[in-house]
Amino acid sequence: MSDPSVFECDSCSESFECAPSDTSGPAVIVPAWEVVEGTPVPLGITWVAAQRAWNAAVYSRHATRVTLLLFDSDVTRPALALALDPLKNKSGSVWHCRVASSACSSARYYAWQIDGPAPDEGFDWHVFDAEKLLLDPYAKAVYFPSQFSREAARYPGSNMGRAALGMLEACRSSQQSIPGGWIRHGSNLVIYEMHVRGFTYHSSSDIPESNRGTFAGVIEKIPYLVELGITAVELMPVFQFDPDAGDYWGYMPLSFFAPHNAYSTTTGKCPHQSEFRRMVDALHAAGIEVILDVVYNHTCEGDQRGPMYGMKGIDNSTYYIVTGNPDQPYANYSGTGNTLHTANRVVRQLIVDSLRYWVTEMGVDGFRFDLASVFTRNTDGSINTQDPPVFAQIAADPVLRNVRMIAEPWDAGGAYQLGHNFPGTLWMQWNARYRDTLQRFVRGDAGIVTDLMTRMYGSADLFPDDIMNSQRPLQSVNYVTSHDGFTMYDIVSYNEKNNWANGHNNLDGAHEFSWNCGWEGDDHLPDEILDLRHRQVRNLFSLLLLSNGTPMFRMGDEFLQTQRGNNNPFNQDNETTWLDWRRLPQHHEIFRFVSRMIAFRKAHPSLSRSRFWREDISWYGPDRAVDMSYESRTLAWCLHGQSVGDDDIYVMINSGPDPIRFGIYEGAMGEWRRIIDTSLASPHDICDSAEASPVSEASYLVAGRSVVVLVRTQ
């Protein structure tokens, strides 16, 4: 029997198979099965241009009845409801169909309705609801009707007209190549954590109101980012999140593919994708990497009390880790009510497909994974310490293996895998140990000197470069502040958090090692306290940018943005979190210091190396030997730059309140020039090498709570 041939009909462009005939009659022409029944791959809705049809596919292992609904502008009733026949429209655990555009030419939106068995014992905790409208996990854009209701999704029964829907037009949009390509910085990588809305939404941002708080608003501020000197932006979540969840930060994702629609300035066909791409292209043109903070550890559907938007009703036990306990059916290693079941191959594929989409079609350069230790959770919630498959799947992917990956290496269930214990061997990691050490040392805590040495060196205890591990200091993402905590200014302005507005009786938010410099908050602030706070901020930025590793700081820290002591404003979409650009001219001397400090780091690749400093560093104290006593608050070192073609750098730190004279134990008098002294007022606090004054003595008086940096040209 010969193989059938496939050809297209001239009048309708549909594909047909020519079935083999016997000698008793002519060949019988029948439509190709894919044209009628659809295909199980790819998942989601795909536009098949050659056939002018939609292919729809959804994974549901336990479903017994699946219906695809298409809607026109009237979302209160479907324009087309197609019940799938499992004998024709199901392959394995994937339900699929093919719908010609002519069958519903006015269709704009779509959703699924899925039915299945009642809840069962153990890990088969199903929550099917045949009447619920369900959002496709692969939806590329999400439409919220005017009557959208989170409450309607929380209770059994229909939420027709009140459900989030996938947008069909987004499925026709594809951009496989990115103008200008991708960016990967090396020793000059400086990460700027920012929130798309908060960055420009304040009226003081001085951009058109229509662009405030959007991707377009970010574009307008690119000249500012270039002037500051950062080389990468790490965008807090831009995935579509639940607009009714009271979540400003964006850590309650509804879709892993759709950009958040509120960050777009326009409506119409695929505005969210196109505006995001324009922002990425503009940042790339300025030499700035784009890193996305992504949330693949949970969704906004919450626990049994939360809404049913999609994954719950599609196949609950596939997408979430369940406990087998009907009273508390969802494992909560994320702290938000549910935990994504990343041990399941379908969920892993969803994550990989999402990552590939944001790289290949949206142009991003890297990802920061929120609560990444969830990836190590097995189906029963235990930790896979050997080889969690999601990491191998990402590493084996020909696109993703070359993408920057950054982990928050813990979860809310007690897993803490910072350093070489994290299974993403080559991933970068948020270094919380670095944060805590720097906060404690700069506020003047005793007993921190030896740990400070380790952190400045690149945290070799966490990222060892022995022959077994061969890790690198650049894997340590060094930070003092992030969105999850005080701002840089607040950490030197408040002893106590002020989270009352969040609605949790001030019990939420992290414990931090802050110090108010002797005055709580800003009311009636004495000038001498403000001066000390400015010095402390300069100290923190100095040490951050002198450390081996990868520095990161949050938006606005460079001009003393304040949240008035709120260190967990996850639900504060107001002036608490919007960047107040009036503070830039008010505190321009801090902006100047930070931008010049970044320039200093870029000019001295000796600071940030692909390896640890090893024999190129000599450690000192005020009296030559490092003072490692418990009461010590001093440290100095000389970093030799000859091996990397750089200058020598001599650093002296005094976190105590009183001035201390440090000996300079390398070089001859007159060879060193003072570049930085954080105790001095601007513009003398930092200067270029050409402006720097020579140090004429063999010692230097370092003021209390100050950092001094000298440079010797080779």
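Residues numbered from 1 in each chain as written. Predicted model: local features only at pLDDT ≥ 70, side-chain atom pairs only at ≥ 80, totals over all residues. Heavy atoms only, no water.

Further remarks concern the packing of aromatic side chains. Counted under the stated rule, the structure contains 42 aromatic pairs. The side chain of Arg 377 reaches across the aromatic face of Tyr 333, ending 3.9 Å from its centre. The positively charged end of Arg 440 is found above the aromatic ring belonging to Phe 513, 5.5 Å away from the centroid. (Phe/Tyr/Trp six-rings, centres within 6.5 Å; stacked < 30°, edge-to-face > 60°. Lys NZ or Arg CZ within 6 Å of the ring centre and 35° of its normal.)

The omega angle of the peptide bond from Val 41 to Pro 42 is -5 degrees, so this bond is cis rather than trans. The topology assignment puts Pro 42 in the loop between α1 (33-37) and β4 (44-48). The step from Ser 682 to Pro 683 runs through a cis peptide bond, and the omega angle for that step is 10 degrees. Summarising the element assignment, Pro 683 is placed in the loop between β25 (673-677) and β26 (693-694). The phi torsion at Cys 517 lies on the positive side, around 65 degrees, for a residue other than glycine. Tracing the backbone shows Cys 517 in the loop between α13 (488-491) and α14 (527-546). (Helix = DSSP H or I, 4+ residues; strand = E, 2+ residues; numbered from the N terminus.)

The strand order β21-β22-β23-β28-β25-β26 describes an open sheet built from 6 strands, whose pairing is antiparallel. Taken across any chain shown, the strands that pair with only one partner, and hence form the sheet edges, are β21 (617-620) and β26. Pairing between β25 and strand β28 (residues 706-712): 4 bridges, direction antiparallel. Within β28, the position partnered with Asp 677 by the bridge is Val 708. Contacting β21, β22 (634-639) and β23 (648-654), helix α12 (residues 449-457) runs over the sheet at an angle of about 30 degrees to β22. (Pairing = 2+ DSSP bridges. Contact = heavy atoms within 4.5 Å. Axes fitted to C-alpha atoms, helices over the stretch in contact; angles between N-to-C directions.)

Here we take up the packing of helix α9 (residues 345-360) against helix α10 (residues 389-396). Each pair of packed helices can be described by the angle between their axes along with the distance between the axes. Interaxial distance between α9 and α10 falls to 10 Å at its minimum, and their mutual angle equals 35 degrees. As for the relative orientation of α9 and α10, their crossing is right-handed in sense. Between α9, through Arg 348, Gln 349, Val 352 and Leu 355, and α10, the contact on the second element is made entirely by Pro 389, Val 390, Gln 393 and Ile 394. Residue composition of the contact of α9 with α10, grouped by class: 5 nonpolar, 2 polar and 1 charged. (Left-handed = near helix turned anticlockwise from the far one by under 90°. Nonpolar A, V, L, I, M, F, W, Y, C, P; charged D, E, K, R; others polar.)

On to the nonpolar core, then. Judged by nonpolar contacts, the single largest core of 158 residues is most densely connected at Leu 292 and Phe 367. In contact with Leu 292, not counting residues within four places along its chain, are Leu 235, Val 238, Phe 239, Phe 276, Trp 358, Val 364, Gly 366, Phe 367 and Arg 368. (Core = buried A, V, L, I, M, F, W, Y, C linked by side-chain atoms within 4.5 Å. Buried < 20%, exposed > 50% of the residue type's maximum accessible area, 1.4 Å probe, protein only.)

So, about the confidence of the model for the chain. With 93% of its residues at a pLDDT of at least 70, the chain reaches an overall mean of 93. Here residues 1-23 is modelled with pLDDT under 50, and outside its nearest four sequence neighbours on either side it reaches 44 contacts, counting other chains as well. (pLDDT = per-residue confidence, 0-100.)

Here we take up the pairing of strand β6 (residues 65-71). Within a regular beta strand, the side chains point alternately toward one face of the sheet and then the other, so they alternate between its two faces. The buried fraction of β6 amounts to 6 of the 7 residues, a majority that puts the element mostly inside the structure. As paired strands, β6 and strand β10 (residues 109-115) are joined by 7 bridges and run antiparallel to one another. Within β10, the residue paired with Val 66 across the bridge is Ile 114.

Next up on the list: α9. In a regular helix each residue adds 1.5 Å, so 16 residues correspond to 22 Å; α9 covers 22 Å between its end C-alpha atoms and thus fits that length. Among the 16 residues of α9, 12 are classified as buried, and the element is accordingly described as predominantly covered. Listed as buried for α9 are Val 346, Val 347, Arg 348, Leu 350, Ile 351, Val 352, Ser 354, Leu 355, Tyr 357, Trp 358, Val 359 and Thr 360. Check the buried side of α9 and you find it contacts β5 (53-59), α7 (271-285), β15 (289-294), α8 (311-319), β16 (366-369) and α10. The N-terminus of α9 is capped by Asn 344, whose side-chain oxygen sits 2.8 Å from the backbone nitrogen of Val 346. (Expected span 1.5 Å × (residues − 1). Polar contact = N/O pair within 3.5 Å; in protein donor to acceptor, adjacent residues only side chain to side chain.)

Once that is clear, we can look at the pattern of salt bridges. Opposite charge on two side chains lets them pair, provided their charged atoms get close. Following the criterion strictly, the structure yields 33 salt bridges and no others. Two residues, Arg 440 and Asp 445, come together in a salt bridge whose shortest N-O distance is 3.1 Å. Take Arg 440: its relative accessible area is 30%, and that puts it in the partly exposed class. When its relative accessible area of 16% is taken as the criterion, Asp 445 is described as buried. The salt bridge involving Arg 455 is made with Asp 461; its shortest N-O contact spans 2.9 Å. Owing to a relative accessible area of 0%, Arg 455 belongs among the buried residues under this scheme. One network of salt bridges, with partners in common, ties together Asp 293, Arg 368, Asp 370 and Glu 408. (Salt bridge = Lys/Arg side-chain N within 4 Å of Asp/Glu carboxyl O.)

Attention shifts here to the state of the cysteines. By definition, a disulfide links the sulfur atoms of two cysteine residues through a covalent bond. On inspection of all chains with the given rule, the structure shows 0 disulfides. No disulfide involves Cys 687; its sulfur sits 18 Å from the nearest other cysteine sulfur, which is in Cys 638. For Cys 687, a relative accessible area of 11% puts it in the buried group. (Disulfide = S-S within 2.5 Å.)

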